[in-house]
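Commentary on secondary and tertiary structure
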Amino acid sequence: MTVKYTDIDYNVFTDAARFVWEGSSPYQRSTYRYTPLLAWLLTPNIWFHSTFGKWMFVACDCAVGALIIRITKARGVSDQAAAAYSAIWLLNPQVATISTRGSAESFVCAVVMTSFYAFQRKRIGLGSALFGLSVHLKIYPIMYAFPILAVLDSSVFSQQQAFHKSNSSTTQKQNTPSKITSLFNMHRLGFFAISAGVFLLLNAAMYTIYGKEFLDETYMYHVVRKDHRHNYSMWFLPIYLRFLSPASLAMGLLSFLPQLTVVSMLGVAFGADLYFAAFVQTFAFVAYNKVCTAQYFMWYICFLPVIWPQNSQKMVPKGAILIGVWLGSQALYLQQAYRLEFLGQNTFLPLWLTSVAIFATNNWILGQIISSQRIVPLFGSGPWSQTPPRGALKKTQ
């Protein structure tokens, strides 16, 4: 094949694992920009079999599929429907391809989904610890702190109807100091202490072993990185044209502003429904990011089977139309990218226009999903699963 099936990242992981196995730093392998923990986990690539990592990522895919079934059933979906919705992930050729090519995204998805399921089961300690681990693995899950803090409200956690309570005279008469005090309940403080503690403990351990190089390669690199190739983002061309200029770095940093604004607002607006908030946050994060690759799509695809049962748009035909538009915009980009990469044709302008089309398409799709979604609070078992109509929710916000 012109395009090799095994992703270059898998070769990077394997080389880093070899350095770790030999007692050296994984960062001796150029372009390794991940936590050393991943290289440690993949050392069986060296002493057992070179495909071990791919099997591990596929196992994580299966674990996410099992979690999707458990989560959707807990949200009131029948056994048969839960199995059908899990197929959006388990039988998704894009998910299967990315994992079997050797990308580690399914590992991060498995940790995030397990963390959310632990919160859903009210195991705050476990959920917080896994959340801290997920942020250590990839920094992007930090944005889920907004909806997690929202669902850990004392009244909601005790399974009282939040939207009824917000209309009560008690809430209306609550003074400002009491409202401020209620923000710092034991659940939120416990979440912060445990998740931050796990994150800092892991980072301290890695820093002790590998020094400043760990911080530079694992975290700081992603702040200042400038990817001008293999990138769906419409930022790729402006960054490429000014790649060696100081303006390129400034442009990359400025690109975070709209991204952070949109992601934060979505997390606050839909915080009552942890899974939906995480989906829209991640979808927007990837769409607005200055670096966007196919691997990133897995970050939000894992939430899609969980939130779609509460969407008024049926999978056929409206859902299929949205997926078709999403795939079609990427196909246009890949056509121009192939001409540039493998045929040597100057398609920079058409390629940039297709990246703009992808951005516009993603925003339209996100709007379509949000406008037809029914918000389901995280702690929604039994009578608590009965949510008010959209108008009632808006009145309480």
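Residues numbered from 1 in each chain as written. Predicted model: local features only at pLDDT ≥ 70, side-chain atom pairs only at ≥ 80, totals over all residues. Heavy atoms only, no water.

As named in an unreviewed UniProt entry, the protein is GPI mannosyltransferase 1, taken from Coemansia spiralis. Recorded in UniProt under Sequence similarities (unreviewed entry), the annotation for the protein is "Belongs to the PIGM family." (UniProt positions renumbered as here; feature names shortened; annotations may be inferred.)

Before going further, it helps to spend a moment on the overall build of the protein. Looking only at helices and strands, the protein features 24 helices and 0 strands. Taking the intrachain contacts of the protein between residues at least 6 apart in sequence as the baseline, contacts between residues at least 24 apart amount to 72%. On the protein, roughly 18700 Å² of surface is accessible, and the fraction owed to carbon and sulfur atoms is 67%. (Helix = DSSP H or I, 4+ residues; strand = E, 2+ residues; numbered from the N terminus. Contact = heavy atoms within 4.5 Å. Areas by Shrake-Rupley, 256 points an atom, 1.4 Å probe, with all protein chains shown as cover.)

For the structure shown, the criterion picks out 31 aromatic pairs. Taken together, a centroid distance of 5.4 Å and an interplanar angle of 45° make the contact between Phe131 and Phe191 tilted. Here Phe131, found in helix α8 (residues 124-137), pairs with Phe191, found in helix α14 (residues 186-210); they are 60 residues apart in sequence, far enough to count as distant. Here Phe131 and Phe191 have matching classes, each one buried. A ring pair is formed by Phe279 and Tyr300, whose centres lie 6.1 Å apart and whose planes are at 90°; its orientation type is edge-to-face. With Phe279 in helix α19 (residues 274-288) and Tyr300 in helix α20 (residues 298-301), the pair connects residues that are 21 residues apart, well separated along the chain. (Phe/Tyr/Trp six-rings, centres within 6.5 Å; stacked < 30°, edge-to-face > 60°. Buried < 20%, exposed > 50% of the residue type's maximum accessible area, 1.4 Å probe, protein only.)

Turning to the UniProt feature "transmembrane region" (unreviewed entry) in the protein, a few remarks are in order. The positions UniProt marks with the feature "transmembrane region" (unreviewed entry) are residues 189-210, 232-253, 260-280 and 348-366. Spanning residues 189-210, this segment combines 100% helix with 0% strand, and its end C-alpha atoms are found 31 Å apart. Span residues 348-366 is 100% helix and 0% strand, its end C-alpha atoms 27 Å apart.

Taking 1.5 Å per residue as the helical rise, helix α4 (residues 52-74) with its 23 residues ought to reach 33 Å, and the 33 Å between its terminal C-alpha atoms agrees with that figure. When α4 is considered as a whole, its buried residues turn out to be Gly53, Lys54, Met56, Phe57, Cys60, Asp61, Val64, Gly65, Leu67, Ile68, Ile71 and Thr72. Two residues or fewer after α4 comes Gly76, characterised by a positive phi angle close to 95°. (Expected span 1.5 Å × (residues − 1).)

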